[in-house]
Structure formats: C-alpha cells, structure tokens
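Each chain is listed here by its residues.
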Amino acid sequence: MKKILSVLLAAVMVLGMLAGCSSNPGGEASKEPDPTKAPDPAQSEPANEPAGKPMEGQTVKVAALSSGYIDAYPEMWAEVCAAFEEETGAKVELVLEKNLEAVIGPSMQGGDYPDAVLCATGRPDGLTEQFIKDKLIADITDVLSMNVPGEDKKVSDKLLGGFTDTTLTNPYGDGKTYLAPMFYSPCGLFYNADLFAKNGWTVPATWDEMWALADQLPEGQYLFTYPTAGYFDAFFYALMRSFGPDFFNKATSYEEGIWDTEEGKQCLEIVAKLASYTNPVTPAQANNNDFKMNQQLVLDDKALFMPNGTWIVGEMADSPRVDGFTWGMTALPAAKSGGNGSSFCWIEQIWVPQGAENVDGGKQFVAFMYSDKAAEIFLKGGAVQPIEGITGKLDGDNKMFYSIYDNGADAAMGGFATTKSVAGLGSIMEVYFDPVNTLVSDPSTKDAWIDGIKSANDQYRANLVG
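Bear in mind the structure is a predicted one, so any value in this text is a computation, not a measurement.

**Topic: the packing of helix H3 (residues 76–88) against helix H15 (residues 359–368)**
Following both chains from N to C, one finds H3 and H15 inclined at 115°, their axes separated by 11 Å at the closest point. By the angle between their axes, H3 is roughly perpendicular relative to H15. Both H3 and H15 take part in a crossing whose hand is right-handed. Mapping the contact onto sequence places Trp77, Val80, Cys81, Ala83, Phe84 and Glu87 in H3 and Gly361, Gln364, Phe365 and Phe368 in H15.

Structure follows, in structure tokens:
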C-alpha cells in the first residue's frame, strides 16, 4: 500500500509540473518556490493582479464648450472625464469654457491642439467651420467600427440611423465621417404656454396665422425675439425645409438662381417680416454676454416666440419669470396651408484636430461618448445623444420636446455645403444671419441683405469643397 501511494503521489507531482509547463508562454518549466527562502520582491507578483488598462500612461486633452447643459448640471463633463479615466486608465486634461474659441484659439494657432473638441458649427466665432474649410479635422470614420470602451458594442450599433449621413458630420461628400454627432435637440419656437391658454390663443400653424396674432398684441408685447443672430441657422434650415426637401437641398448646395424662385423669395420675405415684429431691444443684447437678456423677454411675456433648443430649460432654470409660466415648444409654421411645420434637429459635434498629439486617444474619447456610463451622466444635464433607446429615458419637458416629430413636424437635418476659404467672401453666418440684427433696427436694409445672399450664393457654388 505504501508503495502504491508513493507512486500515485509521484505521478501527481509530475502532472502538476507538466501543467505548469503548458501554461508558461515562454515554454520553460516554472520553478517551485523554496518555502525556506523569503520571496524576492522584484520577482514576485500579487495573486490575481488585474491586467493593465488599455490607455495607461496616456494623456488625452479635451476641450468642451460650457453650454446650457452645464448650467443644469455643472459636474457633467468632469464626471464623464472621470468615467473615461476609470475605464481606460488614461488621464484627461479638460478645458471647459463658455468662450471656448477664445481660450483654445491662440494655442491652436501655435500648434498646440486638443485631442478632442466639443464645439459645434453655427457658433458666432465659426471656429469649427474654419477647421472644416481648411481640412484640418481628422477622418474619424474608423470610430464608427470601434467598440465603445468598456462595452461589447460598436459605436455604429448604438447610434440612431441617419445621424452620420448629413453635412454636419460628413462635410465633404466623400463618404467619410469627420465630426461625430454628440448632443441632439429638436429646435423650434419656444413660448409661454400659460400665456396662450390665458388669452385663448391658438399656436399659429401657418405664417398668415402668425402675422394675424402679431397684429393683435398690446403695446409693449412683441411677436418675436432671438438670443443671437446665430440662432437663425437652425431657424433658417427649418424654414427652408418647410418649403420641401427639394428646395432645401437646392438652397443648401447653392443652386444657381435659387433665391429668385417663388420659394426662395417667400423664404427671405418671412425672415424680413419677422424682423419687423421683433422686440427692438433684441439686437443690442444679441451677443455671447447678453443673450440671456433676450431669452428673458419670453419669460417676462415681452416677446411671444424665440428660436431655441431643448437646453433652454436648464439654461434659464434659475431665471425669474411671470406667474404661471410654462414652457411650450412648436415647430416653425407650415409654408402653406395644409403643409407640415418643420423643426431643425440641432446636432452638436465632437471632432479630432488633425494636428492633435494623441489622435488615437482622441478617437477613443469620442467612442466613449456613446457608452451607457457617459449617456447616463449627460442626461443629468438634459443633454440627449442620438443613441438607441435614449428617448425612453426622458421625462418632463424633454419628453414633450422630443415628441415634436411624432406630432407631424418634418425634421430638417444638415446645412449649407462646405466651401473653400476665399478672401473677401463672408461666411454663412456673416452673409445670411448677422444682417438680421440690422434688419430689426433698420428695415430699409432688406434689399441689400437679399442682394448679398444672391451674390454670395454664386461665389459659394464656385468654391465648393470637393
């Protein structure tokens, strides 16, 4: 019996040694430690030590606009960056500013770029548009096929359809994605629903009804205001879309003579007429410092409607308002009786500069933006991303706002095609929208504004980026 036990024990020891050899990637047999000797700290490894995180030792520089979502939840971006650090092991250096362009612009001119930038098109400074025109944004098409860090789903599996098929993400028409869709918001005309209920007013469904409402307002109360002229981009895209997708596509690609068509004339006439019904204090306050004063006009019932996005609720959460104030939102009126209203789907974009030191790290950060962890944090600030299932998590005002397309409004997505930078040729903002400030103050500038649009349209068409 003793001999049998000895044989069995020896066999077990041999099998154990062979098992150790088969699991050793170097192919050498592992040596059993001598229990009589103290372990060598330089050679010993803790049991069950976790594998290193994929971006350990890397730094990712992120620059993000401090928008109305931050007013609603100040910790939003700090928490998202911390979650990315926890998941990947990278360190994030975050720049978060309301005047982001002024803060990061000088350093970028000197060649010091962030690795990821959250700054949408349509901003007064036009920083993102300039990077698009000069082709200084990295191709991030591969991000769509990346796994979301910490998850087993690809970015493309989580994104809602259609959000990477517009000029806002694919500006050159080459089938590649350069800007990733970040937060999206149905834009429309915001108003005090309680004021309408008290006065027995019906929200206008056509522009003729809009003008009729304007003509019955008491002195000191105006039909319209706007935060800054930049907000006319979302307004103007929705207005063009209300004349049909064919007109929208022709106008945004600068078709010859488009503003001499019946639709083109009506489109520009509506903007000019709306300017005449705008609270006259608006232009003086239509800047990045005072824009909330224009938004306050709606909360004080001194203007009925203003173009805006869903972030307005958080942005003005602590502002005073008339008793009973209740947020309402409507699409732009239909261009003709029986037609549909239109709401522009505002998309903020996140992108990676070509000159970034850590382009790959920037791409990983962009991919993480679509994680469940990030989406949950963003929702605390009211920031909604185009992710599958996200609208089912909305409540309150946002639930009402995001149902606008379910209630018959046509969605307008995309914008004017990208053109080259040409000396003396103004930007879309300078040509189409900034002059609205002057239109409000001096209606006689209408013809000069329209002539400027027609002239620029021809130059834009001749300088399309292909």
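**Describing the pairing of strand S8 (residues 327–330)**
With burial as the criterion, each face of S8 is covered, one bearing Trp327 and Met329 and the other bearing Gly328 and Thr330. Across 4 bridges, strand S5 (residues 188–192) lies against S8 in antiparallel orientation. The partner of Asn192 across the bridge, within S8, is Trp327.

**Describing H15**
Among the 10 residues that make up H15, 7 are buried, leaving the element largely enclosed by the rest of the structure. Those residues of H15 that sit buried are Gly361, Gly362, Lys363, Phe365, Val366, Ala367 and Phe368.

**Concerning the sheet that holds S8**
If you walk across this open sheet you meet the 4 strands as S6-S7-S5-S8, and the pairing is mixed. Edge positions in the open sheet fall to strand S6 (222–224) and S8, since each of these has one partner strand only. The mean inter-strand angle of the sheet, taken between neighbouring strand axes irrespective of direction, is 25°. Where helix H8 (residues 207–214) meets the sheet, its contacts fall on S5, S6 and strand S7 (303–308), and the angle it forms with S6 comes to roughly 150°. Relative to the sheet, helix H13 (residues 291–299) contacts S5, S7 and S8, its axis offset from that of S7 by approximately 135°.

**Side note on the nonpolar core**
Trp77, Leu223, Phe236 and Trp259 are the most contacted members of the largest nonpolar core, which has 147 residues in total. When residues of this core are assigned to their parent elements, the largest contribution, 8 residues, is made by helix H9 (residues 232–241). When near neighbours in sequence (up to four residues on either side) are disregarded, Trp259 contacts Phe236, Met240, Phe247, Ala251, Gly264, Lys265, Cys267, Leu268, Tyr432, Ile453, Lys454 and Asn457.

**Section: unusual backbone geometry**
Glycine aside, a negative phi is what most residues show, and trans is what most peptide bonds show. Unusually for a residue other than glycine, Lys135 sits at a positive phi of about 55°. Among the secondary structure elements, Lys135 is positioned in the loop between helix H5 (127–133) and helix H6 (155–158). Since its relative accessible area comes to 38%, Lys135 is described here as partly exposed. For Tyr254, which is not glycine, the phi torsion reads 65° and is therefore positive. As for its placement among the helices and strands, Tyr254 is situated in the loop between helix H10 (245–252) and helix H11 (262–276).

**Examining the environment of Gly328**
Within the secondary structure, Gly328 sits in strand S8. For the pair Gly328 and Val203, spaced 125 residues apart in sequence, the C-alpha separation works out to 9.8 Å. Discounting chain neighbours no more than four positions away, the residues touching Gly328 are Leu189, Phe190, Tyr191, Ala193 and Met400.

**Side note on the state of the cysteines**
A covalent bond between the sulfur atoms of two cysteines is what we call a disulfide. Following the criterion strictly, the structure yields 0 disulfides and no others. The structure places no disulfide on Cys187, whose sulfur is separated from the nearest cysteine sulfur, that of Cys345, by 7.7 Å.

**So, the layout of surface pockets**
Roughly 790 Å³ of internal volume is contained in the largest pocket. Considering the residues around the largest pocket, the lining is formed by 44 residues, among which Gly122, Glu129, Ser427, Ile428 and Met429 are closest to the centre. When residues of the lining of the largest pocket are traced back to their parent elements, those giving at least two are H5, H9, strand S9 (342–351) and helix H18 (428–433). Counted by class, the lining of the largest pocket contains 19 nonpolar, 17 polar and 8 charged residues. Of the pockets and cavities examined, the second largest pocket occupies roughly 640 Å³. Lining the second largest pocket are 38 residues, with Leu65, Arg123, Tyr231, Phe291 and Glu315 positioned closest to its centre.

**As for the pattern of salt bridges**
What the rule picks out here adds up to 16 salt bridges. Between Glu101 and Arg123 there is a salt bridge whose closest N-O contact spans 2.9 Å. Of this pair, Glu101 sits in helix H4 (residues 100–109) while Arg123 sits in the loop between strand S3 (116–118) and H5; the two residues are 22 residues apart in sequence, bridging distant segments of the chain. For the pair formed by Glu101 and Arg123, the shared burial category is buried. A salt bridge links Lys454 to Asp260, with the shortest nitrogen-to-oxygen separation between them at 2.7 Å. One end of the pair, Lys454, is in helix H20 (residues 446–462); the other, Asp260, is in the loop between H10 and H11, with 194 residues separating them in the sequence. In this structure Lys454 comes out as partly exposed when scored by relative accessible area, which is 30%. When salt bridges with common partners are traced through the structure, they connect Asp71, Lys98 and Lys292 into a single cluster.

**With respect to the confidence of the model for the protein chain**
Across the protein chain, the average pLDDT comes to 89, with 89% of residues at 70 or higher. Segment residues 1–50 is flagged for pLDDT under 50; beyond a separation of four residues in sequence, or across chains, it makes 3 contacts in the model.

**Examining the side chain of Gln296**
Inspection of the secondary structure puts Gln296 in helix H13. In this structure the side chain of Gln296 is engaged in a polar contact, spanning 2.7 Å, whose partner is the backbone oxygen of Pro320. Excluding its chain neighbours within four sequence positions, the residues that come into contact with Gln296 are Met316, Ser319 and Pro320.

**Quick notes on the packing of H11 against H20**
Orientation of H11 relative to H20, taken along the N-to-C sense of each, is 145°, at an axis distance of 11 Å. The interaxial crossing formed by H11 with H20 has right-handed handedness. Here Leu268, Glu269, Val271 and Ala272 of H11 come into contact with H20, specifically with Lys446, Trp449, Ile450 and Ile453. Considering only residue class, the contact of H11 with H20 consists of 6 nonpolar, no polar and 2 charged.

The rules behind the values
Residues numbered from 1 in each chain as written. Predicted model: local features only at pLDDT ≥ 70, side-chain atom pairs only at ≥ 80, totals over all residues. Heavy atoms only, no water. Axes fitted to C-alpha atoms, helices over the stretch in contact; angles between N-to-C directions. Helix = DSSP H or I, 4+ residues; strand = E, 2+ residues; numbered from the N terminus. Parallel < 35°, antiparallel > 145°, perpendicular 65-115°, else oblique. Left-handed = near helix turned anticlockwise from the far one by under 90°. Contact = heavy atoms within 4.5 Å. Buried < 20%, exposed > 50% of the residue type's maximum accessible area, 1.4 Å probe, protein only. Pairing = 2+ DSSP bridges. Core = buried A, V, L, I, M, F, W, Y, C linked by side-chain atoms within 4.5 Å. Disulfide = S-S within 2.5 Å. 1 Å grid on protein atoms, 1.4 Å probe; cavity = no way out; pocket = protein on both sides within 12 Å on 5 of 7 lines; lining within 4 Å. Points joined across faces, edges and corners; volume = space filled by probe spheres on them. Nonpolar A, V, L, I, M, F, W, Y, C, P; charged D, E, K, R; others polar. Salt bridge = Lys/Arg side-chain N within 4 Å of Asp/Glu carboxyl O. pLDDT = per-residue confidence, 0-100. Polar contact = N/O pair within 3.5 Å; in protein donor to acceptor, adjacent residues only side chain to side chain.

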